[in-house]
Amino acid sequence: MLKLCVLSVLLCLLVPSQGSTPGTVVRVNQEALEYVCQQGKPSLLRGLMVIQIPNFMSPRTIIGSLLKVVGIRVLNAQLPHLSVKLIPRTGVQLSLSAQLHIRGSVLIAPVELRVGSSILLDVRVMRSPHGFPILSVTACKSLLGDVDILLGGSNLLGFLKPLQNHIRAVLVDKMCLSLSSVVLGLNARLGTLVGLNSINPMSSLQYAMMEDPEITEDYIDLDLNAVIALMGKPVDFEPAGPLPPFSLPPPETVSDDSMVNMGLSEHLFASLFASLEQSGALNLQIGGQSSHLTTSMLEQAIPSISKRYPQAVALMLNVVVSKLPIISFHEGAGILRLSPAIQVGVAESGSFQQSQALFTLGVDLTLAVKLDVTITSLHLTVAVHGDVGLEVESSSMEITEISHLRRVVLSEFQDAFLAHVNAALRVGISLPKLNNVQYIEPEIEIHEGYAQVNCDLDYQP
């Protein structure tokens with residue numbers, strides 16, 4: 001239906017949420033509009049064919065003749081021309097030429113006619129006060145051509161002109177009304193956009209329009225508020241310094257011919273990691289009764305430990321991330337800094353107890369962030385980048401050789417913690433999209449301060 005022709009306008013108009021910091025910009029290019037419009041031809045034709053035309057009864061002439069044409073319906077429809085263009089600061093304009101094949105009956109004799117029409121439909125795209133998108137038809141103009149007789153003209157006897165006027169009078173209004181109702185019906189389907197995208201059992205992601213879209217002659221930019229919530233409440237954290245306005249660079253500086261470009265700011269990723277930190281999803285306990293790490297392995301670094309534990313006792317590492325992770329994007333690279341604390345203690349009860357901590361180590365961990373994109377989500381994986389910083393924050397025993405302690409603890413900590421972080425990131429970040437639209441051939445770029453996804457579209461009715 002006609003909704004397919006305005007589908008690209010709605011690719012990322014999403015649900016309402018609190019907050020006022022944009023984290024995502026979606027750019028829908030003219031090529032996307034043209035593609036979706038052509039894909040929507042069959043549905044658009046069906047919309048034209050459901051137009052109902054009432055029976056025709058001619059007025060009596062001075063000689064008393066009367067003509068009645070019944071069962072008038074659209075037998076077939078064609079669209080020899082269909083195009084769509086962007087209207088700056090407003091929305092889109094759909095332009096089409098239609099050929100309608102119409103059939104009726106005079107008594108038992110069939111009558112067939114053909115009428116051509118040109119239609120211009122202006123659709124405005126706005127944001128509701130609650131963050132929902134709203135479409136409205138601001139103008140529709142239907143210009144009908146001549147009504148040609150294809151079959152049964154001899155049965156019309158002299159009443160051709162009144163029948164032509166009847167059909168023209170009906171179609172000039174009903175074509176606009178029918179197509180406009182299809183567009184307005186799309187508003188009822190926007191409820192399918194309401195829903196949370198799960199990150200983990202406690203966190204979710206929700207998008208909403210910040211304001212009316214920015215529309216130019218070449219593209220539509222949608223500023224979206226990307227809110228990550230923890231237990232239903234937006235994640236609250238203080239970014240380092242004021243957040244600058246986020247926008248995609250002008251098209252002439254983007255060397256890409258994709259239908260859609262999506263920019264996701266550092267702030268969105270910072271919110272993701274803040275939710276993981278606040279939910280405790282990055283915390284980890286390593287070791288226990290089955291651990292190969294024991295007190296005897298620390299004797300070189302802590303000589304007195306053998307006096308406290310003459311027999312080797314299993315150790316447990318309690319990794320706690322209580323400082324806000326810091327993520328940054330630079331041209332071609334993403335960097336994540338984590339500062340976990342490692343509490344090392346015996347595991348006599350099978351679980352870590354604060355009172356059993358022997359010492360606490362502070363870790364300065366720099367991770368390289370790799371981004372991969374699928375048709376629905378952006379996925380992150382991390383790997384160690386550079387040396388791992390480690391220092392003693394507190395200890396109940398004298399540590400004489402920090403280098404040995406470092407080797408022992410890092411051998412147990414590093415691989416297990418990286419696997420744990422990557423598991424926490426496995427779900428990824430859901431990309432904003434409309435139902436029944438799939439992103440195809442997505443590619444990812446990393447630029448200063450943001451990541452950019454470029455992709456084409458696939459629509460399956």
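Residues numbered from 1 in each chain as written. Predicted model: local features only at pLDDT ≥ 70, side-chain atom pairs only at ≥ 80, totals over all residues. Heavy atoms only, no water.

The name given to the protein in an unreviewed UniProt entry is BPI fold containing family B member 2, with the source organism recorded as Podarcis muralis.

J.: Would you explain the overall build of the protein in this entry?
T.: Within the protein one finds 7 helices and 23 strands. Considering the protein as a whole, with its 461 residues, one finds that 50% of them fall into the buried category. Only carbon and sulfur atoms are counted for the fraction: they give 53% of the accessible area of the protein, which is about 21000 Å². (Helix = DSSP H or I, 4+ residues; strand = E, 2+ residues; numbered from the N terminus. Buried < 20%, exposed > 50% of the residue type's maximum accessible area, 1.4 Å probe, protein only. Areas by Shrake-Rupley, 256 points an atom, 1.4 Å probe, with all protein chains shown as cover.)

J.: Got a minute to help me understand unusual backbone geometry in this structure?
T.: Backbone geometry follows two general trends: most residues other than glycine have a negative phi, and most peptide bonds adopt the trans configuration. In this structure, arginine 89 is a non-glycine residue whose phi angle is positive, near 65°. Structurally, the position occupied by arginine 89 is in the loop between β3 (68–87) and β4 (91–106). Classification of arginine 89 by relative accessible area gives exposed; the value is 69%.

J.: Can you walk me through empty space enclosed by the protein in this structure?
T.: Empty space among the atoms becomes visible once a probe the size of a water molecule is rolled across them. Under the criterion given, the structure shown has 2 cavities of 30 Å³ or more. The computed volume of the second largest cavity comes to approximately 40 Å³. (1 Å grid on protein atoms, 1.4 Å probe; cavity = no way out; pocket = protein on both sides within 12 Å on 5 of 7 lines; lining within 4 Å. Points joined across faces, edges and corners; volume = space filled by probe spheres on them.)

J.: So what exactly am I meant to see when it comes to the state of the cysteines here?
T.: Put plainly, two cysteines are in a disulfide when a covalent bond ties their sulfur atoms together. For the coordinates displayed, the defined rule picks out 1 disulfide. Paired through a disulfide, cysteine 140 and cysteine 176 show a sulfur-sulfur distance of 2.1 Å. Around the S-S axis, the bridge from cysteine 140 to cysteine 176 shows a dihedral of about -85° and counts as left-handed. Residue cysteine 140 is found in strand β6 (residues 133–151), and its partner cysteine 176 is found in helix α4 (residues 160–189); the two are separated by 36 residues along the sequence. Judged by its relative accessible area of 26%, cysteine 140 is partly exposed. (Disulfide = S-S within 2.5 Å.)

J.: Help me understand the sheet that holds β4, please; the structure alone is not making it clear to me.
T.: Where strands meet in a sheet, backbone hydrogen bonds hold them as pairs that are either parallel or antiparallel. The 5 strands lie next to each other as β2-β3-β4-β5-β6, forming an open sheet whose pairing is antiparallel. Only two strands of the sheet have a single neighbouring strand rather than two, namely β2 (56–57) and β6. Here 2 bridges tie β2 to β3, and the two strands are oriented antiparallel to one another. Considered in β3, the bridge of methionine 57 is made with lysine 68. Together, β3 and β4 form the strand contacts of helix α3 (residues 41–49), whose direction differs from that of β3 by roughly 145°. (Pairing = 2+ DSSP bridges. Contact = heavy atoms within 4.5 Å. Axes fitted to C-alpha atoms, helices over the stretch in contact; angles between N-to-C directions.)

J.: It is not clear to me how helix α2 (residues 30–39) should be interpreted in this structure. Could you clarify?
T.: It helps to recall that an α-helix has 3.6 residues per turn; residues three or four apart then point in one direction. Of all the residues in α2, the buried ones are Gln30, Ala32, Leu33, Val36 and Cys37. Projection of α2 onto a plane perpendicular to its axis shows the buried side chains occupying an angular sector of 160°, all on one side. (Arc of directions from axis to C-beta.)

J.: What is the right way to look at the side chain of threonine 360 in this model?
T.: Structurally, threonine 360 is set in strand β18 (residues 357–373). Not counting the four nearest positions on each side in its chain, threonine 360 is found in contact with Ala341, Ile342, Gln343, Glu391, Val392, Glu393 and Ser394.

J.: Please clarify how the pattern of salt bridges should be interpreted in this entry.
T.: When the charged atoms of two side chains lie near each other, side chains of opposite charge can form a pair. For the structure on display, the rule yields 3 salt bridges. Between glutamate 112 and arginine 103 there is a salt bridge, with its nearest N and O atoms 2.4 Å apart. Note on glutamate 112: relative accessible area 9%, which makes it buried. A residue is classified by how much of its surface remains accessible, and arginine 103, at 32% relative accessible area, is partly exposed. (Salt bridge = Lys/Arg side-chain N within 4 Å of Asp/Glu carboxyl O.)

J.: Explain the side chain of serine 204 to me, please; I cannot follow it from the model alone.
T.: Tracing the backbone shows serine 204 in strand β8 (residues 203–209). Leave out the neighbours within four places in its chain, and serine 204 touches Leu196, Asn197, Ser198, Ile199, Val227, Ile228 and Ala229.

J.: For this particular structure, what's the right way to read the pairing of strand β22 (residues 437–447)?
T.: Regular strands have side chains that alternate between both faces of the sheet. With 9 bridges connecting them, β22 and strand β23 (residues 450–459) associate as antiparallel partners. Bridged to isoleucine 446 within β23 is alanine 451. Remark: 2 residues form the turn of the hairpin made by β22 and β23, two consecutive strands paired antiparallel; glycine 449 in that turn has positive phi of roughly 90°.

J.: Got a minute to help me understand the environment of asparagine 200 in this structure?
T.: The residue asparagine 200 is located in strand β7 (residues 197–200) in this model. Placed 30 residues apart in sequence, asparagine 200 and leucine 230 show a C-alpha to C-alpha distance of 9.5 Å. Other than its neighbours up to four places away in sequence, asparagine 200 contacts Leu276, Ser279 and Ala281. A polar side-chain atom of asparagine 200 sits 2.9 Å from the main-chain amide nitrogen of methionine 202. At 2.8 Å, the side chain of asparagine 200 and the backbone nitrogen of serine 203 are in polar contact. (Polar contact = N/O pair within 3.5 Å; in protein donor to acceptor, adjacent residues only side chain to side chain.)

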